[in-house]
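# Architecture at a glance
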Amino acid sequence: MHVHATELWITIVLFLLVTGMGFAAARWRRPPTLHTMDEWGLAGRKFGSWIGWFMLGGDLYTAYTFVAVPALLFGTGALGFYAIPYTAIEYPLVVLILIRLWSVCRTHGYVTPADYVRGRFGSPTLALAIALTGVVATMPYIALNLIGIQATLQVIGLGGDWPLIVAFVVLAAFTWRSGLRAPALIAFVKDALVYLLIIVAIAYIPAKVGGWGHIFSVTNAHFKATPPHTGALLTGNNQLTYATLAFGSAAAIFLYPHAITGVLSTRSRDVVRRSVAWLPVYSIVLGLIALLGVVALAAKVKPLLSGGKANTNTIIPALFEGTFPHWFAGVAFATIIIGALVPSAVMSIAAANLFTRNIYKEYLRRDASDHEQATVSKFTSLAVKAGAILFILLLQPQFSINLQLIGGVIILQALPAVFVGLYTRWPHRAGLIAGWAAGMATGIWMLYVTPNPATKQSHWGGSAFALSHLGLHTGQGLYTGFIAVVINLVVTAVVTLAAKALKVPDGIDATAATDYFTDADDVAEVPAEAAVA
Amino acid sequence: MSPDFPTRPVPSTRPTASGAPGSRTDRSPWNWLLLIPIAAPLLTFIYNRETPMLFGFPFFFWFQMLFAPIAVLAGVSAFYLSRRSRSKRGW
């Protein structure tokens, strides 16, 4: 295999730069000890608006987003553009919810969303369900970031698995040492590179390909020639899918543990609100990146083969390789790889915190000290990353993609307990557990029975559930996660009514109404949970 | 199943520099601004068309690119305006 030397060297230099930053981050705003859950896992809960904005942006817009969103547009046309309304809706939708979550977590020293659910509804079982949902949804997400790195390495010409392993061992080492501070500091470099790359790409590539008019006429002709022959627009049948996908995904994103970890690492309610308000700036960038998918179509980019099948995830790196000068293609590849490091680090920390707080401390060692919890979290974050590597090395990439599809649907099932719980304590713990189980079961079943004729898969074929399964032969489909969460909410309500009528004992609420409005200056430096240890 | 998390009892009201938490709220009429960037992107029938084109972009693509700047505008205005009216009320 031919290795592109210039690209490789530039990638290595930039990778070494952020590695240095990752290790140095341990000294950034140095606390007396890094070895506590709050310091290692939440960077001391002290980030201000600038850091919060960079960090959340770097955390939420993953390398997989950068390669998969344009690949989706390349493959499916207009439907693939749903990422644009999705990322525009998500912040206005959740900002008010998140400041309440921030306040109650700050008051009680909660580190994970499951900690909060435990306190609010007095049910370790429900908390376990929420924690497991988070871990299961996060694992394939990390694996998919590895797919982003892998696709880039493939275009550079590096075969074999060792470069991927090296990159992840380095990531594991600086995350071990610096905790959440490492991805937060690296996010500055990542985001700066992303903005630079996309401005250059949009100014440079479309003109080389023949201009936007030409690009869209090629796109239109291409999708008119492929079924369902509608050109680059939505069809009568997939508009509802498009809208529910955008809305459901927007509601889901801040239920992911890595997103909540990012929010909890900030300093005050105003910081949460301000940084979240400015986050859609990243969505502008995402929109431009998505358009590169149709640019690649017009540039007649051929995806590279992996395992004999065309890997559309390679189209963006291949577009960069084919159009940029070598040195800038190197910058672009480094950006994608560094882009994978930030979310992978935060995700592994968030998953590790869930395990430590809601499984280890809850079921294995009730009296674990804060110091011991931090140790367990560090080791778990290593295990999570090793697991993600094994996913990629031992299983078909399709397996991770299917799991990620399931992950998006199941993470939404935490919505009634986490988001609704911030506004009302009306749901009974039994109702929430039953609703969660119903949403999980129906969501997974719906995904299982969905085929994909294009790739000849008979199961896990996509996230649009055809209403014809329910006897509604309109040709319409809805986002599976959306249907599942509606079922979840209905079951939660029905079982709550039944449990209240039968006077089934409910859990005790450890939170007070005012806890949802606490701000930075209301609580002591060391939150309650940490003080217990 | 243990009934409760071992948390320290948290005082429900504490006088602070920014006022008693009990009097706090996250309600503000300005928050209604957030509804615009939530609702507009869901109305596919508005933008699922090819014309009018802009710089070679079909309407479907260029119009949706406006959603993100609108979300910034709405989110940032809602934040600053609600904070300003909050400080007028004394905190």
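The rules behind the values
Residues numbered from 1 in each chain as written. Chains lettered and ligands numbered in written order. Predicted model: local features only at pLDDT ≥ 70, side-chain atom pairs only at ≥ 80, totals over all residues. Heavy atoms only, no water. Helix = DSSP H or I, 4+ residues; strand = E, 2+ residues; numbered from the N terminus. Buried < 20%, exposed > 50% of the residue type's maximum accessible area, 1.4 Å probe, protein only. Contact = heavy atoms within 4.5 Å. Rg over C-alpha atoms; globule rule 2.2 N^0.38 Å. Areas by Shrake-Rupley, 256 points an atom, 1.4 Å probe, with all protein chains shown as cover. Lys, Arg positive; Asp, Glu negative; His and termini not counted. Charge placed at Lys NZ, Arg CZ, Asp CG, Glu CD. Axes fitted to C-alpha atoms, helices over the stretch in contact; angles between N-to-C directions. Parallel < 35°, antiparallel > 145°, perpendicular 65-115°, else oblique. Left-handed = near helix turned anticlockwise from the far one by under 90°. Nonpolar A, V, L, I, M, F, W, Y, C, P; charged D, E, K, R; others polar. Buried area = accessible area lost by both parts, 1.4 Å probe. Salt bridge = Lys/Arg side-chain N within 4 Å of Asp/Glu carboxyl O. Patch = residues over 30% accessible without salt bridge, like charges linked within 9 Å, V, L, I, M, F, W, Y side chains within 5 Å. Phe/Tyr/Trp six-rings, centres within 6.5 Å; stacked < 30°, edge-to-face > 60°. pLDDT = per-residue confidence, 0-100. Expected span 1.5 Å × (residues − 1).

Our next topic: the overall build of chain B. The helix and strand tally for chain B stands at four helices and zero strands. Of the regular secondary structure in chain B, the N- to C-terminal order runs α-α-α-α. Counting only residues that meet the buried cut, chain B has 38% of its 91 residues in that class. When contacts within chain B are restricted to residue pairs at least 6 apart in sequence, long-range pairs at least 24 apart make up 50% of them.

Moving on, we come to the overall build of chain A. The helix and strand inventory of chain A stands at 22 helices and four strands. The C-alpha radius of gyration computed for chain A amounts to 23 Å, which stays within 12% of the reference 24 Å derived for 533 residues, consistent with globular compactness. For chain A, the C-alpha atoms occupy an extent of roughly 65 × 60 × 40 Å along the three principal directions. The buried share among the 533 residues of chain A stands at 66%. Taking as baseline every contact in chain A between residues at least 6 positions apart, the subset at least 24 positions apart corresponds to 83%. Only carbon and sulfur atoms are counted for the fraction: they give 71% of the accessible area of chain A, which is about 17800 Å². Of the side chains in chain A, 32 bear a positive and 22 a negative charge, and the two mean positions are spaced by 6 Å.

Before going further, it helps to spend a moment on the packing of helix 7 (residues 124–156) of chain A against helix 18 (residues 397–411) of chain A. Residue and element names in this part refer to chain A. Two elements in contact, helix 7 and helix 18, have axes separated by 8 Å at closest approach and are oriented at 140°. Judged by the inter-axis angle, helix 7 sits oblique to helix 18. The hand of the helix 7/helix 18 crossing is left-handed. Contacts between helix 7 and helix 18 involve Thr133, Gly134, Val136, Ala137, Pro140, Tyr141, Ala143, Leu144 and Ile147 on the former and, on the latter, Pro397, Ser400, Ile401, Leu403, Gln404, Gly407, Ile410 and Ile411. Its residues assigned to classes, the contact of helix 7 with helix 18 shows 12 nonpolar, five polar and no charged.

On the chain A side, the residues contacting the 52 residues of chain B number 64 residues. Carbon and sulfur atoms supply 65% of the area that chain B and chain A bury against each other, a total of about 5100 Å² over both sides. Our enumeration of links across chain B and chain A arrives at one salt bridge. With a closest N to O distance of 3.2 Å, A:Asp270 and B:Arg83 form a salt bridge. Elements supplying a minimum of two residues to the side of chain B that touches chain A: helix 1 (35–39), helix 2 (44–47), helix 3 (59–64) and helix 4 (67–88) of chain B. Looking at the side of chain B that touches chain A element by element, the count peaks at 13 residues for helix 4 of chain B.

Our next topic: a nonpolar patch on the surface. On the surface, A:Leu390, A:Leu394, A:Leu395 and A:Phe399 cluster together into a nonpolar patch covering about 390 Å² of accessible area. Note that A:Leu394 resides in helix 17 (residues 370–394).

Residue and element names in this part refer to chain A. Across all of its chains, the model carries 10 salt bridges over all chains by this definition. Measuring nitrogen to oxygen at the nearest pair gives 2.9 Å for the salt bridge that ties Arg181 to Glu39. Of this pair, Arg181 sits in helix 9 (residues 181–209) while Glu39 sits in helix 2 (residues 37–42), placing them 142 residues apart in sequence. Between Arg118 and Glu362 there is a salt bridge, and its shortest N-O distance comes to 2.5 Å. Pair noted here: Arg118 is in helix 6 (residues 113–121) and Glu362 is in helix 16 (residues 326–364), with a separation of 244 residues, a long-range link. Here Arg118 matches Glu362 in class, with each residue buried.

For the rest of this paragraph, the subject is helix 15 (residues 315–323) of chain A. All names here are of chain A. Helix 15 sits mainly inside the fold: eight of its nine residues count as buried. Looking at helix 15, one finds that the buried residues are Ile315, Ile316, Pro317, Ala318, Leu319, Phe320, Glu321 and Thr323. On its buried face, helix 15 is in contact with helix 1 (5–24), helix 4 (63–76), helix 7, helix 9, helix 14 (280–298) and helix 16.

This part takes up the side chain of A:Thr175. Residues and elements named next belong to chain A. With respect to the helices, strands and loops of the structure, Thr175 is situated in helix 8 (residues 162–178). Take Thr175: its relative accessible area is 0%, and that puts it in the buried class. With sequence-adjacent residues up to four places away left out, Thr175 is seen in contact with Trp40, Ala345, Ser348, Ile349 and Lys385.

It is worth spelling out the packing of aromatic side chains at this point. Residues and elements named next belong to chain B. Across all of its chains, the model carries 40 aromatic pairs over all chains by this definition. Judged by centre distance (6.3 Å) and plane angle (75°), the rings of Trp62 and Phe63 are edge-to-face. Of the residues examined, Phe63 reaches a relative accessible area of 23% and is grouped as partly exposed.

This part covers the confidence of the model for chain B. Considering every residue of chain B, the mean pLDDT works out to 76; 70% of them sit at 70 or more. Mean pLDDT per element in chain B: helix 4 of chain B is the minimum at 87, and helix 3 of chain B is the maximum at 92.

Residues and elements named next belong to chain A. Its place among the elements puts Met446 in helix 20 (residues 429–448). The class for Met446 is buried, based on a relative accessible area of 3%. Through-space distance from the C-alpha of Met446 to that of Gly481 is 9.2 Å; in sequence the pair is 35 residues apart. Dropping the residues within four chain positions of it, Met446 is found in contact with Phe465, Thr480, Ile483 and Ala484.

Let us look at helix 21 (residues 480–501) of chain A. Residue and element names in this part refer to chain A. Between its first and last C-alpha atoms helix 21 spans 32 Å; for 22 residues at 1.5 Å apiece the expected length is 32 Å, and the two agree. Looking at helix 21, one finds that the buried residues are Thr480, Gly481, Ile483, Ala484, Val485, Asn488, Thr492, Thr496 and Ala499. Where helix 21 is buried, its residues touch helix 18, helix 19 (415–418), helix 20, strand 3 (464–466) and strand 4 (477–479). Once helix 21 ends, the next one or two residues include Lys503, with phi positive near 55°.

Residue and element names in this part refer to chain A. Relative to the helices and strands, Leu240 resides in helix 11 (residues 239–253). Judged by its relative accessible area of 40%, Leu240 is partly exposed. In sequence terms Leu240 and Leu478 are 238 residues apart; their C-alpha atoms lie 6.1 Å from each other. Discounting residues that sit within four places of it in the chain, Leu240 has contacts with Gln476, Gly477 and Leu478.

All names here are of chain A. Look at helix 9 against helix 15: their axes get within 11 Å of each other, and the N-to-C directions meet at 65°. In this view, helix 9 runs roughly perpendicular relative to helix 15, as classed from their interaxial angle. You can see that helix 9 and helix 15 cross each other, and the crossing is left-handed. Across the interface between the two elements, Leu197, Ala201, Tyr204, Ile205 and Lys208 of helix 9 pack against Leu319, Phe320 and Thr323 of helix 15. In terms of residue class, the contact of helix 9 with helix 15 is built from six nonpolar, one polar and one charged.

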